[in-house]
Amino acid sequence: MTQVCIVGSEDVHLQYELLSRETARAALSTYDITEPFENSLCVETVSIGAAVSLLNDLNWYLVRFADAALVLEPSISDDEWLSRDLARDVRDSAVAPEETGDHLAIYGVEEGRLVEPMYVTRVDGSVPSYDLRDVDETVVVRVGENEFGR
C-alpha cells in the first residue's frame, strides 16, 4: 500500500482544518487516518497514482494548511518518502523510480514533530547524517532536482 502523509504548518491544527471542511472531509472519508508525526495526517492508498490524485484533490487545503505532502511507495523504497512533486513525476513517467534517490531532504524528528529539513545528496550511496540539531530520529524524503534546497 502507498502511504500519503500531510504535515501541517506550525500555526494550524491540520486534522481540524481538513476534517472541518466538507470537500476535504469527503475526499478523506474512505481512508483510515493516522498521525505518525505531531500535526500530520497519514492515509494508505492503493497506488502512487491514487496518492497523487488524493493530494491533487486536497490541493486547495494543502496550499493553506500544510508544510509538506509526502508519499511512501514501497515499490520504490520501504523507508524513504517521496515529495509530492517527485511522486507526481514518477506517476507521469517523467522520472524513473530508480532515478529518485540522489537528492534528499532529511527531516529531524524532535518530540514527535518533523523539524527543519537538511538538503543533501547521497554520498557513495549512503544518506548523510542529519546535523542541524540533536534529534530523536530522522525521516528521509527523496526530492526532485528542481525542489532541491527550497
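Refer to the structure above for everything that follows.
Scope of this entry: the structure provided in the associated data block. Because the structure is a prediction, the values reported are computed rather than measured. The residue count restarts for each chain, going from 1 along the sequence in the order it is written. Since the coordinates come from a predicted model, pLDDT governs what is reported: local features require at least 70, and pairs of side-chain atoms require 80 or more to be given and counted, while whole-chain, interface and lining totals use all residues. Calculated side-chain values reflect all of the structure's heavy atoms, with hydrogen atoms and water omitted.

A large share of helix H5 (residues 84-91) lies buried, amounting to 6 of its 8 residues. Exposure categories follow from relative accessible area, calculated using a 1.4 Å probe and restricted to protein chains: below 20% of the type maximum is buried, above 50% is exposed, and the middle band is partly exposed. The numbering of helices and of strands both runs from the N terminus, where a helix is a DSSP run of H or I of at least 4 residues and a strand a run of E of at least 2. The complete set of buried residues in H5 reads Arg 84, Asp 85, Leu 86, Ala 87, Asp 89 and Val 90. Throughout, a contact is declared for two residues whenever any of their heavy atoms are within 4.5 Å. At its buried positions, H5 is contacted by helix H3 (48-57), helix H4 (59-65), strand S3 (66-72), strand S4 (80-83) and strand S7 (137-142). Looking at the residues trailing H5, positive phi occurs at Ser 93, about 65°.

Buried residues dominate S3, accounting for 6 of its 7 residues. Here strand S1 (residues 2-8) runs beside S3; their pairing, made up of 6 bridges, is antiparallel. Paired with Cys 5 across the bridge in S3 is Leu 70. The rule for pairing is simple: two strands pair if DSSP sees at least two bridges between them. Examined bridge by bridge, S3 and S4 share 2 bridges and lie antiparallel to one another. Looking at S4, one finds that Leu 70 is bridged to Ser 83.

Looking now at the state of the cysteines. Whenever a pair of cysteine sulfur atoms sits within 2.5 Å, that pair is classed as a disulfide. On inspection of all chains with the given rule, the structure shows 0 disulfides. Take Cys 42: it sits in no disulfide, and the sulfur closest to it among the cysteines is that of Cys 5, at 4.8 Å.

Most of strand S5 (residues 103-110) is tucked away: 7 of the 8 residues are buried. Sheet topology note: the S5/strand S6 (residues 113-121) ladder contains 8 bridges and is antiparallel. For Val 109, the partnering residue across the bridge sits in S6 and is Leu 114. In this structure, S5 lies alongside S7, joined through 6 bridges in antiparallel fashion. By the bridge assignment for S7, Val 109 is matched with Glu 137.

Let us look at the packing of aromatic side chains. In this analysis, rings of Phe, Tyr and Trp, with Trp reduced to its six-membered ring, are considered paired at centre separations within 6.5 Å, and the interplanar angle assigns stacked below 30 degrees, edge-to-face beyond 60, and tilted for intermediate values. Taken as a whole and judged by the stated rule, the model has 1 aromatic pair. Aromatic pair Trp 60 and Tyr 61: ring centres 5.0 Å apart, planes at 75°, arrangement edge-to-face. By relative accessible area, which is 44% here, Trp 60 ends up partly exposed. Judged by relative accessible area, Tyr 61 falls into the buried class, the value being 9%.

Although it is not a glycine, Ser 93 sits at a positive phi angle of roughly 65°. Along the chain, Ser 93 falls in the loop between H5 and S5. Positive phi, close to 50°, is recorded for Glu 111, a residue that is not glycine. The topology assignment puts Glu 111 in the loop between S5 and S6.

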